[in-house]
Structures are given as structure tokens and as C-alpha cells.
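Each chain is listed here by its residues.
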Amino acid sequence: MTGVCGCCGALRPRYKRLVDNIFPEDPEDGLVKANMEKLTFYALSAPEKLDRIGAYLSERLSRDVARHRYGYVCIAMEALDQLLMACHCQSINLFVESFLKMVRKLLESDKPSLQILGTNSFVKFANIEEDTPSYHRSYDFFVSRFSEMCHSSYEDPDIRTKIRMAGIKGLQGVVRKTVNDELQANIWDPQHMDKIVPSLLFNLQSGERTESRSPSPLQASEKEKESPVELTERCFRELLGRAAYGNIKNAITPVLMHLDNHSLWEGKTFAVRCFKIIMYSIQSQHSHLVIQQLLGHLDANSKNSATVRAGIVEVLLEAAAIAASGSVGPTVLEVFNTLLRQLRLSVDYELTGSYDGSTNIGTKIIKAHEERQLQEAVIRTIGSFANTLPTYQRSEVMLFIMGKIPVPGVHLALPSTGSGPEGTRMIQVMLLKSLVQVTAGFQTTNMLTALPSSFLEPLLSFSLTEDPEVRLLVLQILLSLIDRHDNRPKFSNISIISDISVLKLKVDKCSRQDNLFMKKHGQQLYRHIYLGCKEQSSGRQHYETLFALLGLLSVELANEEVVVDLIRLALALQDLALSTDEALPVYNRCAVHALAAAYLNLICQLTTVPAFCQHIHEVIEVRQKESPFLLPEDVFIDHPKLPSSLEKVEGDVLFLQSKITEVLGGSGYNTERLATPYVPQYTDEDRLSKRKSIGETISVQVEVESRNSPEKEERTPAEEITFETLKNAIVDSVGMEEQERERRRQVVEKFQKAPFEEIAAHCGARATLLQSKLNQIFEITIRPPPSPSGTISSGYGQTQSRSVPIYEMKFPDLCVY
């Protein structure tokens, strides 16, 4: 029998004998290296046998696992690893199938050591670049199993950490093996990403909790190298770095879902950390895709709690700061549109007290302070986005936001909601705060193109509103726009400075564009400064900001003509403070006096005319002795020392226009212009800025139309406009208000309810009327020429001049040449 057995053993295939010889009698002795070399040489010289070697090794390993002979299991895996590393031939695919089958067997085991062993082998395999692609290999099991290992809850913490780290390494291996192989199953499919990404985030999150117990300094370096958090972050970065344009969405969506499901937006820190990793890991040209997904997620959570929305906005803020290369994408305005919409919704939620505008018992309770925090976060984010944009795009954003601000009496750009007038006011404040953020640090060489009339004019109209907060925000925006040399901080406090050289102001020569800008908008700016000082609700901050605006105009945009106008404006402010007609409180009058004194002290030193400086300093010295309450040091303090009334402000404490005109005239300044007192021109803008409702503006427009209508013309003859009629139009007749309101209502109703044909006929009649009026005007203005045209007789025997066209006239020969 022994001979028969020996004979059978000798007849076994050679590859089996070589495989058997690598296993020692005692598994603790490890792999027989000499025999392993023989097996490797045989596999290289006969590559067609490789798949059979793999199948036989797999068979032995399965048997050893079933018999719990784990020593032999380790030897078999070591042999497989060595064969895999050595053999890169075309027939390796079948060998890999046997290899993956054995790895799968180990991963299915309950023993952590076998799971880790199988993972390590898989990672070695993942690092091999195969010469030939595989059409039928599937990694679904490995993605699921490694993800499950990442969530291990093994009792022993050390073993649990090892299993989780093995799972992370396994996922990293799957990604490396599949991401660059177009023939493999697409690892970026949602079915895979929904397992891989949450597994990595789970370990990142759990690592944050354990990091609070920091290791000792001696152990820190080793711990960090083997920390699951470090390994997870490296794997996550590698995954994102390999993502192409079309795969970004599938990689980011599971992140958003994970943060939603585990309520991680509220804490902000983990969500911010995740997206910092994402933004720094993906290719920079894909940054805008992440931002777009965050914006979409913000919209999807519009009715979620304020803390969740605030968390998403904070993440957007960080993402925008990282995407500072200008990769906000092609939909720049859509970014701001979404943020402004969230701002509007937050204001509505705060004022109505519910997410759906109703007061049902089942609705969520709105916390006003949380909504305020959200609003501040949105405003900061708008500023952060704007700072990533080039100048021309920032100008577009400024115009875009300005178009969204509801202007009382002109239009309501945003849809009306149940929040009412208070909501409109709050939206004005929020959007102007957003503009403050957008214009911060805004610098441009050509102010005419960067700040067109379509932006400046509506902005300046807000400086005339009754709300002091709105006026202050407008002034802050103007300061940001005009300050191009960082001079603004030097004008933060109003004070009398004897030598302004200590301020180290940066003054450049005015460019041609600056001169054109001031010619176009200078008078508007002066007028709004004057009217801002005239407001009774103006406080210390308003006057300090107005002083800064005057100072910046002087150093940034002033030529000789502008300097003259600014001096006239300062003297007009002094006259305003002296006037008793305006009924300004004592504080405001003292504040305007102090503002004018501080500014004249500044401008006289900028003009460097000694006689001008001497006059200003003399007046200031008299005030310091006799009337300190007319100087900024006694007015712009926490507890100003003011008199009960300002009846005797005269004599040497006042700046004299005649004296200033005289001394500046000697230095070549325009004396005629200096001697002319500054008077602001009132326009329709003043009426509209104080108007509270849209109805009044519509009625004014309709009234103008109705006065030109044919019916009106038939009823009333042409009205002669005299001084008396203008005076009566200005005087507010209270008794006629009801009658006038009813008439306006009827006209509006007519245009709303009348059929189209009637309105069309009405407009046609107006056109005919206009033509007839033009004909009358032409008849009056065209005078008959001299004798060549002749005269004609009318039917009543009177001679009437006839106008002859130029081509019919007969001229003497001497006149033709």
C-alpha cells in the first residue's frame, strides 16, 4: 500500500507538489522560502498554470479556514501575495479571481485577525497596475464589507480601531483599483458613494470626539501616524482629488445627506471641516459645482430651523473664501439671488412667527434671535462671495442688489408678503448691510464706469429717508466707494487737528475720470450731505460719517472747483445751524457747528493758503474760550456739555464767508463762486423719498395722464401757470384731500376695468390732441418772412401774413451766388 501511495503522490501535477512544499509541518515556522522561490519561478516560466495554482491555493485556504488552522491560512495568503507581486502576465486575470475569492472568504470570517489579513492582501493587490483590463470583475462585495468594517462596534477598543482602519484602507484600495479603469464598475455611482462617503465621515466625526483626550507628547507622533482620523482624511482627500467634473455631484450629495441625517449643521465646526477638506482636495476648476450644490441644499432647507440654515450659510462662507480664484462659476448672480431670497424669507419668518405665514398650533416656533444670527451669516457670506470677484463683476453685483431693495413710493422689487411695512424696512436694512459688505475694500480707477448713475442715484435717494439706520448704512457705502487709498480710518473721529500731517493722508492728483465724476455727481453728493445734517434724527454716528465723507471727497476727488464747492457747503451748514426756521434740536445745531468747524480746519490746511488757515484758527480759538460747545471735542462725546439754547451765536465765533472769499480770492480761487451762498436744489426725489406707499406714486402718474386726457381738455380750458398757481400747488390744502383721493381712485379704476378698445381709443385721442397742439405751437412760432412772401386777404377783409416755404421764395439775383 505504501508503494501505491508513493506512486500516486509522484503522479500528482507538479504545480500541486510545488504548492504543497511551501507549507511546513509546523505552521509557526512560516513559509518555506526556498520552495516559494521554486513555485514563483515555475509560475513565471509556465504562466498558463497560474490560474490552477491560484485555484489550488484557494482550495487549501478554504479548508484551513474551516478547520481553524489559521497559521496555514496566513502562509497561503503570503504565498498568494508574493505570486501576485511577481506575475504580471496576460493570464493573471483568472489568478486574480482565485485571489479575490480567498480575500472574500477571509473578510466574511468573524475573526478580526482574518479580516485584517484579508484587507492587507487586498490593499497590496490594489496597488498593482494590471497589464490587461478585466471585463467581469465586481467589487460590490468589497465596498459593502469595507464600509461595514468602518462602522465596527467591537467591544475591545484597540481591536475596534484596527478593524475600522482596515475598512478605511480597504475602501482606499477599491477606489485606487477602480477609479482609473473605464472597464470596471463605476465607483462614482450613487450606490457605491452612498456607502463609501458616510463611512469616511463617520470615522472623521468619531475621531473629533476622541481627539479631545489628547495623547502624551511622547506618544503623539506614533498615535497620529496610526490614527483613524488621519487615515480617513487622507483617503477622503484622495477620493475627492480623483473626482472628475461629472462625478463631483455624486461625491458631495452623500456628504449633505450625512450632515442632514445626523444633525451636524447646527454645530457648524464638523460641517465646516468637511467642506474645507472638500474644497482643498477637488480640482480648483470644479469649486463652483460644490458651491452650487450648497446653494441648492440651502433652498431645499428653506423651511428648516434657522440653526440648520445658518450652518449651511457658514459652510458657504468658508467655501467661498477658499474658492477665491474666481471659480464661483458662470452663475454669479444666481449665488447672490439665492442668498438674498434666504434673507427675505428669514425676515418674513421673524415677523410672521411661522414658516408658512399662518398661526396654526402645529407650526414650528420661530426664534427671533436665531433668525437674526442667520441674517448676519447671510450678509457675511454675501461679502465673502463678493471679495472673490473681480471689480467688473462686483459692480454688477452691486447693481443687482440695489435692484432688489424695495423703495417706498417707487417700486417693490421683491414680492410682497405678510410682513408689511416693517418687513420692507427690515429688508432695506438687510440689503444695505449686504451692500456695505460687498463694497468693503472696493477700489477702482474709473469711478464713472464702476459707479454708474443707475447705482448711485437710487443709493443717494435712500439717504433722504426718515429711518436713521438706513441713512447711516448709505453713508457707510459711500465711504467704501470713494475711499481708494485707505484714508477712511484717519477720519473716524471728528476733532480739531492743528497739524494734519500727523494723519499721513495719501493724496493723489485728481484724474480726468475723477473730474468728470464730480462734474456729473458732485452737486448730488453735496446736496445729500446738507440734507443729512438737516435731519433731526441724525446722531453722533451720522455726523462722524458725514465728516468722513467730506474728508474723503477732499483728498480723493477734489480739484479747485470741488474745493470751492465744499467750502461753500461748510459755510451753508453753519447757516443751517444758525437758522431757527428748521426747528433743529440744540444738540443737532451744536453738532452741525462742530462738524463745519472741524471740516474747515481740515480743508484750510489742505489748500495751504496761510490767510485762510489764520482766519479758521482765530475763530476756533475764540470758540475754545467762549463757546466750547461749538467744537467737536465738547459735542461728540458720551455726555456732551450743551447750553439750554443757542440764541447768541454771533460775532467772532462764526466763520465769515466774506473774509474767506477775500483771502482765497487773493490765491487765485473763483471769488464770484465763493461769494455765492450754497443753496441745495430740491427735486422730486425729496417727495418720493419721504413717501410711504406705492399707491401715492401711482396716483401721481395717473393724475398726470388724466390731465392730458381729451375729456379733461373739453371740461377745462387751458390753464395759465402763474406764480399764484405754483404757490397754491405747493400749499397743502387739507380740505381737498378727500375729494382728490376719490378722483384719483376713479381714474385708477377706469384704467383697471375699462375694455381694451376704450383705452386704445383714449390713447389715440391723446396722440391726436398732441399733434394739434404741436401744430398750434408751430403756427405761433413760425413768423412770416419779409416782402418776398407777400400777404393774403382773409374772408373778413383783414390782411393775414402767409408763411411761404423757403424753396418758394423769390430772392433778388444779388442774394444768390
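Every chain's residues receive numbers from 1 upward, in the order its sequence appears when written. Given that the model is predicted, a residue must reach a pLDDT of at least 70 before its local features are reported, and side-chain atom pairs must reach 80 or more before they are shown or counted; all residues, however, enter totals for whole chains, interfaces and linings. In computing side-chain values, all of the structure's heavy atoms are included and hydrogens and water are not.

A. How the structure looks around the overall build of the chain. Of the regular secondary structure elements, the chain holds 37 helices and two strands. The 817 residues of the chain split such that 46% are buried. In this description, contact between two residues means that some pair of their heavy atoms is separated by no more than 4.5 Å. Partitioning the intrachain contacts of the chain with sequence separation of at least 6 by distance along the chain shows that 74% fall at a separation of at least 24. Per-residue accessibility takes into account occlusion by the displayed protein chains alone, with areas from the Shrake-Rupley method and a 1.4 Å probe. For the chain, the exposed surface amounts to about 42,100 Å²; the carbon and sulfur share of it is 53%. Helix and strand assignments follow DSSP, with helices taken as H or I runs no shorter than four residues and strands as E runs no shorter than two, numbered in order from the N terminus. Under the scheme applied here, a residue whose accessible area is under 20% of the maximum for its type counts as buried, over 50% as exposed, and between as partly exposed, the area being computed with a 1.4 Å probe on protein chains only.

B. Spatial organisation of the nonpolar core. By size, the foremost hydrophobic cluster in this structure holds 220 residues, and its most contacted members are Phe-236, Phe-275 and Phe-612. Filtering out sequence-adjacent residues up to four positions away, Phe-612 remains in contact with Ile-567, Leu-600, Ile-603, Cys-604, Thr-607, Ile-660, Val-663 and Leu-664. For the purposes of this section, nonpolar cores are sets of buried Ala, Val, Leu, Ile, Met, Phe, Trp, Tyr and Cys residues that join through side-chain atoms within 4.5 Å.

C. Summary view of the state of the cysteines. Cysteine sulfur atoms are paired as a disulfide whenever they fall within 2.5 Å. The tally for this structure, following the rule as stated, stands at zero disulfides. Considering cysteine sulfurs only, Cys-235 is the nearest to Cys-150, which forms no disulfide, with 7.9 Å between them.

D. Broad picture of the confidence of the model for the chain. The pLDDT score gives, residue by residue, the confidence of the prediction method on a 0 to 100 scale. Taken residue by residue, the chain gives an average pLDDT of 80. The fraction at 70 or more is 79%. Segment residues 691–719 is flagged for pLDDT under 50; beyond a separation of four residues in sequence, or across chains, it makes 37 contacts in the model.

E. Local environment of a negative patch on the surface. In this scheme, patches are assembled from residues that exceed 30% relative accessible area and form no salt bridge. Like charges are connected within 9 Å, while nonpolar side chains (Val, Leu, Ile, Met, Phe, Trp, Tyr) are connected within 5 Å. Whenever a carboxyl oxygen of Asp or Glu lies within 4 Å of a side-chain nitrogen of Lys or Arg, that contact is scored as a salt bridge. Note that His is not counted, nor are the chain ends; the positive residues are Lys and Arg, and the negative ones are Asp and Glu. Where a charge sits is defined by one atom per residue type, namely NZ (Lys), CZ (Arg), CG (Asp) or CD (Glu). Taken together, Glu-618, Glu-621, Glu-626 and Asp-652 make up a surface patch of like negative charges. Note on placement: Glu-621 falls in helix H28 (residues 610–626). Judged by its relative accessible area of 45%, Glu-621 falls in the partly exposed class.

F. The arrangement of the packing of helix H14 (residues 269–281) against helix H15 (residues 287–300) in detail. Note on geometry: axes are C-alpha line fits, over the in-contact stretch for helices, and angles between N-to-C directions span 0 to 180 degrees. In contact at an axis separation of 9 Å, H14 and H15 are set at 150° when each is read in the N-to-C sense. Taken together, the axes of H14 and H15 are roughly antiparallel relative to one another. By crossing handedness, the relation of H14 to H15 is classed as right-handed. In this structure, H14 uses Phe-275, Ile-278 and Met-279 to contact H15, whose residues at the interface are Ser-287, Val-290 and Leu-294. Charged residues are taken to be Asp, Glu, Lys and Arg, nonpolar residues to be Ala, Val, Leu, Ile, Met, Phe, Trp, Tyr, Cys and Pro, and polar residues to be all remaining types, Gly included. Within the contact of H14 with H15, the residues separate by chemical class into five nonpolar, one polar and no charged. Oblique is the label for every angle not falling under 35 degrees (roughly parallel), over 145 degrees (roughly antiparallel), or within 65 to 115 degrees (roughly perpendicular). By definition, any crossing whose near helix is turned counterclockwise from its far helix by less than a right angle is left-handed, and any crossing with a clockwise turn is right-handed.

G. Representation of a nonpolar patch on the surface. On the surface, a nonpolar cluster with roughly 360 Å² of combined accessible area is contributed by Leu-770, Leu-774, Ile-777 and Phe-778. Checked against the element boundaries, Phe-778 lands in helix H37 (residues 756–781). When its relative accessible area of 44% is taken as the criterion, Phe-778 is described as partly exposed.

H. Spotlight on the packing of helix H17 (residues 332–352) against helix H18 (residues 368–387). The contact between H17 and H18 brings their axes to 10 Å, and the two run at 165°. Classed by the angle they form, the pair H17 and H18 counts as roughly antiparallel. The handedness of the crossing between H17 and H18 comes out as left-handed. On H18, the residues touching Val-335, Phe-336, Leu-339, Leu-340, Leu-343, Ser-346, Val-347, Tyr-349 and Glu-350 of H17 are Ala-368, Glu-371, Arg-372, Leu-374, Gln-375, Val-378, Ile-379, Thr-381, Ile-382, Phe-385 and Ala-386.

I. Up close: the packing of aromatic side chains. Ring pairs are drawn from Phe, Tyr and Trp, using the six-membered ring of Trp, whenever the two centres fall within 6.5 Å, and their geometry is named by plane angle: stacked under 30 degrees, edge-to-face over 60, tilted for the rest. Applying the stated rule across the entire model yields 15 aromatic pairs. Plain terms: the ring middles of Phe-122 and Phe-142 are 4.9 Å apart, the flat faces sit at 25° to each other, and that makes the pair stacked. Of this pair, Phe-122 sits in helix H7 (residues 112–126) while Phe-142 sits in helix H8 (residues 140–150), placing them 20 residues apart in sequence. Summarising the burial analysis for this pair, Phe-122 and Phe-142 share the class buried. Chaining the aromatic ring pairs together yields one cluster made of Phe-99, Phe-122, Phe-125, Tyr-139, Phe-141, Phe-142 and Phe-146. Both a distance and an angle decide whether a charge sits over a ring: NZ of Lys or CZ of Arg must be within 6 Å of the ring centre and within 35 degrees of the ring normal. Of note, Arg-60 hangs over the ring of Phe-23, and the distance from its end group to the ring centre comes to 4.0 Å.

J. Structural context of the side chain of Thr-40. By the element assignment, Thr-40 lies in helix H3 (residues 33–45). A residue is classified by how much of its surface remains accessible, and Thr-40, at 15% relative accessible area, is buried. If we skip the residues at most four places from it in the chain, Thr-40 touches Leu-83 and Ala-86.

K. Main features of the pattern of salt bridges. For the coordinates displayed, the defined rule picks out 27 salt bridges. Here Lys-433 ties to Glu-469 by a salt bridge, and the two come within 3.9 Å at their closest N and O atoms. Of this pair, Lys-433 sits in helix H20 (residues 420–439) while Glu-469 sits in helix H23 (residues 468–482), and the two are 36 residues apart along the sequence. By relative accessible area, Glu-469 is classed as partly exposed at 34%.

L. Region of the structure containing helix H26 (residues 560–578). Relative to the 27 Å expected for 19 residues at 1.5 Å per residue, H26 spans 28 Å between its end C-alpha atoms, a close match to the ideal helical length. By the criterion of burial, H26 is predominantly enclosed, with 15 of the 19 residues buried. Working rule for helices: expected span equals 1.5 Å times residues minus one.

M. View of the side chain of His-521. With respect to the helices and strands, His-521 occurs in helix H24 (residues 512–534). Look at His-521 and you get buried, because its relative accessible area is 2%. Apart from the residues within four sequence positions on either side, His-521 is in contact with Leu-451, Ser-453 and Leu-456.

N. Spotlight on the environment of Val-272. Mapped onto the fold, Val-272 is located in helix H14. Distance from Val-272 to Glu-314, taken between C-alpha atoms, is 7.4 Å for residues 42 residues apart in sequence. If we ignore the near neighbours within four places in the chain, the residues touching Val-272 are Val-315 and Glu-318.

O. Here's a closer look at H20. When the terminal C-alpha atoms of H20 are compared, their 29 Å separation across 20 residues agrees well with the 28 Å that a helix rising 1.5 Å per residue should span. Two residues or fewer after H20 comes Gly-441, characterised by a positive phi angle close to 75°.

P. Local environment of unusual backbone geometry. In this structure, Asp-486 is a non-glycine residue whose phi angle is positive, near 55°. Residue position: Asp-486 is located in the loop between H23 and H24. Of note, the phi angle at Thr-608 is positive, near 55°, even though the residue is not glycine. Locating Thr-608 in the fold gives a position in the loop between helix H27 (586–607) and H28.

Q. Molecular detail of the environment of Ser-461. The residue Ser-461 is located in helix H22 (residues 453–462) in this model. Accessibility expressed as a relative area gives 15% for Ser-461, which makes it buried. Placed 13 residues apart in sequence, Ser-461 and Val-474 show a C-alpha to C-alpha distance of 9.2 Å.

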